Amino acid sequence: MDFQRSSGVLLHVSSLASYGGIGDLGPAAYDFVGFLAEARQHVWQVLPICPTGYGNSPYAGSSAFAGNPYLISLEFLSDWGWIEGDRIAGLAGRGGCVNFEEVEQRKLPLLYEAAGHFLDRGAHESRFAKQWNAFGEFCRREANWLDDYVTYAVLRREYNTGAWTAWPAPIRKRDPKAMSEVSERYARAIALEQVLQFAFDRQWSDLRKVAARAGVRVLGDIAIFVNLDSSDVWTHPDIFELDKNLKPIHVAGVPPDYFSATGQRWGNPLYRWDVLKRRGFDWWVQRIARSRTLYDIIRLDHFRGFESYWSIPADEETAINGKWKKAPGRELFHTLEAKLGPLPLVAEDLGMITKAVDQLRIDLGMPGMRVIQFGFNDKGAHIHLPHRYNPHTVAYTGTHDNDTTLGWWQQSGDEVRTAAEAYVGTIPSRDGVASPVWPMIHATAASVAQLSIVPAQDLFEFGSEARMNTPSVPQGNWSWRVPEGCWTSGLAARLAAIAEVTDRDNDPMAEPETPREETAEA
């Protein structure tokens, strides 16, 4: 699917300056939508909004379908009458990085308290009648993933084993009698989880409606693989490469390369694509259908894995002894479109991409990604320079896995800096510090790319201290937040001036005026 030329900002929900120590779906999110509209930005890109797992990474979620309760606004729950205002007083403020441990210890109990009040009163008090009916409808509509996820969430907390693979065998293997006993024993805890998912769904839906009225579309992100410790693998072990003891046989990763002599062993269980194919890719159909209700545009992380994936024996400690195996990506996406209609998909095709991967993306009509930071290292990276872009491109100054543009500049050597300056022009200074950020924003926006996206950190010319994630570093990631009161009219005006290049006041989901053609890189 093609998109009208437009621009936007990459900022995860958790990075908003919300009350409670973590960004959420409350007032700060609406302030940001207002800023985007004032700045003539039509796209808000977020990271996966699923419940996070190890290391608080949104790419290591415990469900491919559920929402992250941490992102629920307590302020709005108070407005709804679910919890008294004085109960949420004294939480962490709107500034500083996220302290996930504090959020878990202080905010999460209040979320359960609010959910309990609604559960106890919703059916009996007229002020909650509309929400109570909507809650029942939500549970019925989303039952295909919700029932299993909420049970998993309760058991994960109850057993506290680190992964469902260490649960008692009858529950691990979902014995019908054991599962019936779980449903009865933990009925209230399961209902509380349902309420939290309803609250998330309602707050997210309300925010997206406001964003749509402001001409802002949400670009969401889904990882190709799911965590072993997830409700998805526990519920559907037959579609993953697991042995009779439900342990992985092969796991995901990437092979050794210039950056790592041993490659990367991610550890995600691999799909049994043959089983999924026989079933009409039913789980993927449900997953993309759910994603389409959450987002206007969907970014597919690690797109190359839909053409071929690196399969590592689970007992290997590194990725060295893995093998490439073919994936049925073409059949998968043809099935998805046959069942769901045209899909607004973007392929994350960064890294070492083969011609076969590139051709698959082109044949499927998906825009790819380019990152201007990558373009100055060597001739092989020049495809990331804006003059080499084609219209089927989503262009970035950087992503969540990169350093900020200023951080990148300050860490780069003289050769890279000289090449960058030759490309974007004289590097201006801010407070006596050379900063190529805005020239690179200009260069990206001026390209022919359909979408131009800037990480929020670059708008403020922040350095490495504002980096969102450093791959292969397990701690200290995902915690950055914008400063309170940062969305000024002056910044909006500066960004709006650049948007003149890309924005013709068109809906970015509309069809383009002329057809676009693209060929795979040789």
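Above this note sits the structure.
Overview of the structure. (Residues numbered from 1 in each chain as written. Predicted model: local features only at pLDDT ≥ 70, side-chain atom pairs only at ≥ 80, totals over all residues. Heavy atoms only, no water.)

Quick look at the overall build of the protein
Stage number 1. A count of helical and extended segments in the protein gives 18 helices and 14 strands.
Stage number 2. At 23 Å, the protein has a C-alpha radius of gyration in line with the 24 Å of a compact globule built from 522 residues.
Stage number 3. In terms of overall dimensions, the protein has C-alpha extents of about 70 × 55 × 40 Å along its principal axes.
Stage number 4. Burial statistics for the protein: of 522 residues in total, 59% are counted as buried.
Stage number 5. In the protein, once contacts between residues fewer than 6 apart in sequence are set aside, the share between residues at least 24 apart is 74%.
Stage number 6. By element, 50% of the accessible surface of the protein is carried by carbon and sulfur atoms, the whole surface being about 21600 Å². (Helix = DSSP H or I, 4+ residues; strand = E, 2+ residues; numbered from the N terminus. Rg over C-alpha atoms; globule rule 2.2 N^0.38 Å. Buried < 20%, exposed > 50% of the residue type's maximum accessible area, 1.4 Å probe, protein only. Contact = heavy atoms within 4.5 Å. Areas by Shrake-Rupley, 256 points an atom, 1.4 Å probe, with all protein chains shown as cover.)

Let's talk about the sheet that holds strand β5 (residues 264–269)
Note: strands within a sheet are paired through backbone hydrogen bonds, in either parallel or antiparallel orientation.
Stage number 1. In space, the 4 strands of this open sheet follow the order β5-β4-β7-β8, with antiparallel pairing throughout. The sheet is open, and its two borders are formed by β5 and β8 (323–326), each paired with just one other strand. On average, each strand axis in the sheet is inclined to that of its neighbour by 50°, with strand direction left out of account. (Pairing = 2+ DSSP bridges. Axes fitted to C-alpha atoms, helices over the stretch in contact; angles between N-to-C directions.)

Digging into unusual backbone geometry
Stage number 1. With phi around 55°, Phe281 is a residue other than glycine that occupies positive phi space.
Stage number 2. Along the chain, Phe281 falls in the loop between α10 (273–278) and α11 (282–294).
Stage number 3. Positive phi is not limited to glycine here, since Trp478 has a value of about 70°.
Stage number 4. Along the chain, Trp478 falls in the loop between α17 (456–459) and α18 (489–502).

Topic: the pairing of strand β3 (residues 217–223)
Stage number 1. Most of β3 sits inside the fold, with 7 of its 7 residues counted as buried.
Stage number 2. Side chains Arg217, Leu219, Asp221 and Ala223 project from β3 onto one buried face, and the interleaved Val218, Gly220 and Ile222 project onto a second face that is buried too.
Stage number 3. In terms of strand pairing, β3 meets strand β6 (residues 297–301) through 5 bridges, oriented parallel. For Ile222, the partnering residue across the bridge sits in β6 and is Leu300.

Quick notes on the layout of surface pockets
Stage number 1. Estimates place the volume of the second largest pocket at around 810 Å³.
Stage number 2. Contributing to the lining of the second largest pocket are 25 residues, with Thr52, Tyr70, Glu104, Leu108 and Arg156 lying nearest its centre.
Stage number 3. Of all the secondary-structure elements, those providing two or more residues to the lining of the second largest pocket are α3 (100–121) and α5 (143–159).
Stage number 4. Class assignment for the residues of the lining of the second largest pocket results in 10 nonpolar, 9 polar and 6 charged. (1 Å grid on protein atoms, 1.4 Å probe; cavity = no way out; pocket = protein on both sides within 12 Å on 5 of 7 lines; lining within 4 Å. Points joined across faces, edges and corners; volume = space filled by probe spheres on them. Nonpolar A, V, L, I, M, F, W, Y, C, P; charged D, E, K, R; others polar.)

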